[in-house]
Amino acid sequence: MKLMRPVPLRHPVSVSVVVPCYNYGHFLPEAVASALTQEGVDVEVIVVDDASTDGSAAVAWRLASEDQRISVVLHDSNKGHIATYNDGLSRARGRYVTLLSADDVIAPGALARAAALMEANPRVGMVYGLPRDFTDKPPTPSSHDHSTWTVWEGRAWISLACARGRNFILSPEVVMRTAAVLSVGAYSTTLPHSGDLEYWLRAAGSWDVGRINGPVQAFYRVHGANMHQTEFAAAAVDLKHRLEAFRVLEDSRFPGNPKNRARQVQRAKCALSKEAAQMGFREINQGGSVEAAVELRKFIEGLHEVPGNIHRANALQARIARAARGRKPRAERLAAAFVRSQLDRVRWRLWAMTGIS
């Protein structure tokens, strides 16, 4: 890992902003405007409308008529978000490219910051940074944020992700080198729920990873129609999807030593097992869904070869049984839960500052 001082761009570079859109026509103008107003880069915007039924296509055509940097692609039928991503990325002509959901917003200066990092580090294939949630209007970013760069060798970044069993990246904050996109290939159609994590792992298998530390790189809109809230909310389901994404390391085509990759997958399984147990205890101790806790226990049991799995599954089952009898959690369990909650806060701060946790 290298920590570096930022070097400004010496000259403008081209960046393609792919905007997949399905029934987000009311958000589309703000997303497109956030791309077109980026300074220090030459931007093209590719709006890919996936057969929206809310008039999104008309909004896209109106925007394109007002700015020649915008092109519009219309799907005759709904193909889903993965096919829409791949369609848009295949049309990118810029030196760098980013996927921006039509309900999200790029932070001012973000594209130039990401491009500058990759211009200075030719081995870096993708750059991410700090995303920030919003509901109505994106907050005004601070103009006084101290910025640094972190660059990881790609396989070192993969090891960190496996150790935590997490996806460190939300998504709209990522900018990629178009050459990296071409070498990595398309998003996997077999992983509609965790395709982003699997894609970052594949990218890091062949390219280094960079991060902009300090300033916000993108704004992620939180609303009731978010895909992750409407389709992928169940905790056990999320863990299963993450596990499937990490299994890409088992693919014989993945770069690197097979034994090392197998150990990394094992670390990811262990991390996911521990997280499932913690989530299950929290669900029960906070008076939540017994069914959700049972599904988490089943997920743990499915990871047969993970050390400590049997103990974790049995302990969670015992807590579920106690809850069914109306028994409150033991004091030591409550104390352990409090410690974990404090560690989670520390990890969140660490992630916000460094991009890993």
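See the structure shown above.
What you see is a predicted model; the values in this text were computed from it and never measured. (Residues numbered from 1 in each chain as written. Predicted model: local features only at pLDDT ≥ 70, side-chain atom pairs only at ≥ 80, totals over all residues. Heavy atoms only, no water.)

Novice: How should the packing of aromatic side chains be read in this particular structure?
Specialist: Each pair of aromatic rings is reported with the distance of its centres and the angle of its planes. On inspection of all chains with the given rule, the structure shows eight aromatic pairs. Where Tyr85 meets Tyr187, the ring centres are 5.3 Å apart and the plane angle is 70°; that geometry is what we call edge-to-face. Of the two residues, Tyr85 is situated in helix 3 (residues 81–90) and Tyr187 in the loop between helix 6 (178–184) and helix 7 (195–206); the sequence distance between them amounts to 102 residues. The interplanar angle of 80° and the centroid separation of 6.1 Å between the aromatic rings of Tyr199 and Trp200 together place this pair among those described as edge-to-face. Three or more aromatic residues joined by ring pairs form one cluster here, namely Tyr85, Tyr187, Tyr199 and Trp200. If you follow Arg123 out to its NZ or CZ, it ends over the ring of Trp207, 5.2 Å from the centre. (Phe/Tyr/Trp six-rings, centres within 6.5 Å; stacked < 30°, edge-to-face > 60°. Helix = DSSP H or I, 4+ residues; strand = E, 2+ residues; numbered from the N terminus. Lys NZ or Arg CZ within 6 Å of the ring centre and 35° of its normal.)

Novice: I keep staring at the layout of surface pockets and nothing clicks. Help me out?
Specialist: Using a probe with the size of a water molecule, rolled over the atoms, empty space left in the structure can be pinpointed. Its volume calculated, the second largest pocket comes out at about 260 Å³. Around the second largest pocket, the lining residues are Ser183, Val184, Glu198, Arg202, Ser206, Val248, Asp251, Arg253, Phe254 and Pro255. At the level of secondary structure, the elements contributing two or more residues to the lining of the second largest pocket comprise helix 6 and helix 7. For the lining of the second largest pocket, the element with the most residues is helix 7, which contributes three residues. Partitioning the lining of the second largest pocket into residue classes produces four nonpolar, two polar and four charged. (1 Å grid on protein atoms, 1.4 Å probe; cavity = no way out; pocket = protein on both sides within 12 Å on 5 of 7 lines; lining within 4 Å. Points joined across faces, edges and corners; volume = space filled by probe spheres on them. Nonpolar A, V, L, I, M, F, W, Y, C, P; charged D, E, K, R; others polar.)

Novice: Where do I start with the pattern of salt bridges in this structure?
Specialist: Where charged atoms of side chains with opposite charge meet at close range, the side chains can pair. Taken as a whole and judged by the stated rule, the model has 16 salt bridges. For Glu119, the salt bridge identified is with Arg95, shortest N-O distance 2.6 Å. Residue Glu119 is located in helix 4 (residues 110–120), and its partner Arg95 is located in the loop between helix 3 and strand 5 (96–99); the two are separated by 24 residues in the primary sequence. Judged by its relative accessible area of 28%, Glu119 is partly exposed. Taking the relative accessible area as the measure of exposure, Arg95 reaches 43% and is therefore partly exposed. (Salt bridge = Lys/Arg side-chain N within 4 Å of Asp/Glu carboxyl O. Buried < 20%, exposed > 50% of the residue type's maximum accessible area, 1.4 Å probe, protein only.)

Novice: Would you mind showing me how to read the packing of helix 7 against helix 9 (residues 235–246) here?
Specialist: In helix packing, the relevant descriptors are the interaxial angle and the interaxial distance, both defined with respect to the helix axes. Contact geometry of helix 7 with helix 9 gives a least axis separation of 8 Å together with a crossing angle of 25°. The pairing of helix 7 with helix 9 is recorded here as roughly parallel in orientation. The handedness of the crossing between helix 7 and helix 9 is right-handed. Across the interface between the two elements, Leu197, Glu198 and Leu201 from helix 7 touch Arg242, Ala245 and Phe246 from helix 9. Along the lines of polarity and charge, the residues of the contact of helix 7 with helix 9 split into four nonpolar, no polar and two charged. (Axes fitted to C-alpha atoms, helices over the stretch in contact; angles between N-to-C directions. Parallel < 35°, antiparallel > 145°, perpendicular 65-115°, else oblique. Left-handed = near helix turned anticlockwise from the far one by under 90°. Contact = heavy atoms within 4.5 Å.)

Novice: Could you clarify how one ought to interpret the side chain of Glu275 in this entry?
Specialist: Structurally, Glu275 is set in helix 10 (residues 258–285). Residue classification places Glu275 among the buried positions, given a relative accessible area of 11%. Sequence-distant contacts of Glu275, that is, excluding residues within four places in its chain, are made with Gly165, Arg166, Leu239 and Arg242.

Novice: I would appreciate a short explanation of the state of the cysteines in the present structure.
Specialist: As used in these notes, a disulfide is a covalent bond between sulfur atoms, one from each of two cysteines. Throughout the structure, instances matching the rule amount to zero disulfides. Cys270 forms no disulfide, and the closest cysteine sulfur to it belongs to Cys162, at a distance of 12 Å. (Disulfide = S-S within 2.5 Å.)

Novice: Looking at this model, I keep getting lost on the pairing of strand 8 (residues 148–152). Mind explaining?
Specialist: For a regular strand, side chains alternate in direction, first toward one face of the sheet and then toward the other. The buried fraction of strand 8 is high, at five of five residues. Of the two faces of strand 8, the one carrying Thr148, Thr150 and Trp152 and the one carrying Trp149 and Val151 are both buried. Here strand 1 (residues 2–4) runs beside strand 8; their pairing, made up of three bridges, is antiparallel. Considered in strand 8, the bridge of Met4 is made with Trp149. Where strand 8 and strand 10 (residues 208–221) come together, five bridges link them in antiparallel fashion. Within the sheet, the bridge partner assigned to Thr148 lies in strand 10 and is Asn213. (Pairing = 2+ DSSP bridges.)

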